[in-house]
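Analysis of the macromolecular model
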Amino acid sequence: MRTVHSLKELRAILRGYRQQQKTVGLVPTMGNLHEGHISLVRKAAEAADIVVTSIFVNPMQFGANEDLDTYPRTLIEDQDKLSAAGNTLVFAPSAEEVYPDGLARHTRIVVPEVSDGHCGASRPGHFEGVATVVSVLFNMIQPDFAVFGEKDFQQLAVIRKMTRDLMMPVEVIGAPTVREKDGLAKSSRNTYLSEEERKIAPIIFRILEAVAAKIADGHNDFQVLAQEAGDSLREAGLRLDYFNIANSHTLKPAAPEDRDVTLLVAAFLGTTRLIDNVSVTR
Ligand SMILES: Nc1ncnc2c1ncn2[C@@H]1O[C@H](COP(=O)(O)OP(=O)(O)OP(=O)(O)O)[C@@H](O)[C@H]1O
Ligand SMILES: CC(C)(CO)[C@@H](O)C(=O)[O-]
Ligand code: BAL
């Protein structure tokens, strides 16, 4: 498995694969890889001949007070994990390679409506940064397929809409959330948790499942359900960012008659912000 840092080198290698009629699958990541990321690589390998994993901590999607500087960067360990999973190529560009004119002067992509609310409300400009970097990566790599995790449910919706609206010739594939044994969604940011916080964290998924079961049983007073879920999280010691019950397709607040609903949550344990979600079909 090779790792390349420059677009020029990447394109030269990909040209060779294209000449052999090989299809290309892309797994965009910010590194510090865990089993969740590896499941995306395996899924990409099922769809495509060649799997490219990109590792880039994208400054454009971080807010001024967020963890851009402290975000874990572990390229050597990541390479070992990817090689064991059958990944073909790692693309780990510098910020200069992705944004040659600098962040402030770079063209940006705004994806309306699905970017609003949830994480979009708490992290202004976040999805603009995500959509922009994913479109740049799509143009750099020109994959046939790209795989994203359902753990970042709103992000997946934003990328699906961007790809559709801009007629990008890339098939977007969603992959289920990989969890720890106690239900906590695997996330690079879990490494920030203290021992005490790590013991509390699985309550997020337990509450999501409990509320999902009530909805599956016919409860449809979504505002009350969301309020109670938020209260339970606060009682457990989390600082709630949001607990929302949304239509799974539009991401707008769910209406009582909606068949597909998704429960989305973001909450802080200490300074660590965790997100998770569960979908229900009624
Ligand atoms: N537990 C998981 N199961 C499945 N996919 C995941 C999981 N965690 C992350 N992913 C997916 O991996 C891709 C890269 O995500 P990213 O590098 O941000 O990892 P992360 O662990 O979510 O990190 P962070 O802590 O920043 O949220 C995204 O498509 C994301 O949805
Ligand atoms: C899709 C992504 C790699 C874009 O930077 C990032 O948002 C992530 O890791 O989910
Ligand atoms: N997994 C989404 C990347 C971020 O939190 O910035």
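Because the structure is predicted, anything quoted here is derived from the model rather than measured.

1. Topic: the confidence of the model for the protein chain
Here the protein chain averages 97 in pLDDT, and 100% of its residues register 70 or above. Confidence estimates for the predicted assembly give a pTM of 0.98 and an ipTM of 0.97.

2. With respect to the sheet that holds strand E1 (residues 2-4)
Spatial ordering of the open sheet is given by E1-E4-E3-E2-E5-E6, a layout of six strands whose pairing is parallel. The strands lining the two open edges of the sheet, one partner per strand, are E1 and strand E6 (171-175). With direction set aside, neighbouring strand axes in the sheet form an average angle of 25°. Here two bridges tie strand E2 (residues 24-29) to strand E5 (residues 145-149), and the two strands are oriented parallel to one another.

3. Observations regarding the nonpolar core
Residues Val 158, Ile 204 and Val 265 are the most contacted members of the largest nonpolar core, which totals 77 residues. It is helix H6 (residues 126-141) that contributes the most residues to this core, nine residues altogether. Residue-level mapping places this core at the junction of two domains, with at least three residues from each of domain 1 (2-175) and domain 2 (188-281). If sequence neighbours within four positions are ignored, Val 265 has contacts with Ile 204, Leu 208, Tyr 242, Phe 243, Ile 275, Asp 276 and Asn 277.

4. Structural notes on the environment of Phe 205
Its location among the elements puts Phe 205 in helix H9 (residues 203-216). Those residues in contact with Phe 205, other than ones at most four positions away along the chain, are Arg 179, Gly 183, Leu 184, Ala 185 and Asp 276.

5. Considerations on the packing of H9 against helix H10 (residues 222-235)
How two helices sit against one another is set out by the angle between their axes and by the gap between those axes. Where H9 contacts H10, the two axes come as close as 10 Å, and the packing angle between them is 160°. It follows from the interaxial angle that H9 and H10 lie roughly antiparallel. The chirality of how H9 crosses H10 is right-handed. When H9 is examined against H10, the residues Ile 203, Ile 207, Val 211 and Lys 214 are found in contact with a partner set consisting of Leu 225, Ala 229, Ser 232 and Leu 233. Looking at the contact of H9 with H10 residue by residue, the classes come out as six nonpolar, one polar and one charged.

6. Some words on the site of ligand 1
Taken together, the neighbourhood of ligand 1 is formed by 18 residues, with Gly 36, Gly 149, Lys 186, Ser 188 and Arg 189 sitting nearest. Looking at the shell around ligand 1, the elements with two or more residues in it are helix H2 (35-47) and E5. In terms of residues, the shell around ligand 1 owes the most to one element, H2, which gives four residues. In the shell around ligand 1, the residues fall into six nonpolar, eight polar and four charged.

7. A few points about the UniProt feature "active site" (unreviewed entry) in the protein chain
UniProt's entry tags His 37 with the feature "active site" (unreviewed entry), counted in the numbering of this structure. One can find His 37 in helix H2.

8. Some points on the sheet that holds strand E9 (residues 272-281)
Strand order in the open sheet made by the three strands is E7-E8-E9, with antiparallel pairing throughout. Two strands lie at the open edges of the sheet, namely strand E7 (239-247) and E9, each paired on one side alone. Across the sheet, the mean angle from the axis of one strand to that of its neighbour is 10°, orientation sign disregarded. As paired elements, strand E8 (residues 260-269) and E9 share 10 bridges and run antiparallel to each other.

Scoring rules and cut-offs
Residues numbered from 1 in each chain as written. Chains lettered and ligands numbered in written order. Predicted model: local features only at pLDDT ≥ 70, side-chain atom pairs only at ≥ 80, totals over all residues. pLDDT = per-residue confidence, 0-100. Pairing = 2+ DSSP bridges. Helix = DSSP H or I, 4+ residues; strand = E, 2+ residues; numbered from the N terminus. Axes fitted to C-alpha atoms, helices over the stretch in contact; angles between N-to-C directions. Core = buried A, V, L, I, M, F, W, Y, C linked by C-beta atoms within 7 Å. Buried ≥ 20, exposed ≤ 12 C-beta atoms within 10 Å, placed from the backbone. Domains from an automatic or database assignment. Contact = placed C-beta atoms within 7 Å. Parallel < 35°, antiparallel > 145°, perpendicular 65-115°, else oblique. Left-handed = near helix turned anticlockwise from the far one by under 90°. Nonpolar A, V, L, I, M, F, W, Y, C, P; charged D, E, K, R; others polar. Near = placed C-beta within 6 Å. UniProt positions renumbered as here; feature names shortened; annotations may be inferred.

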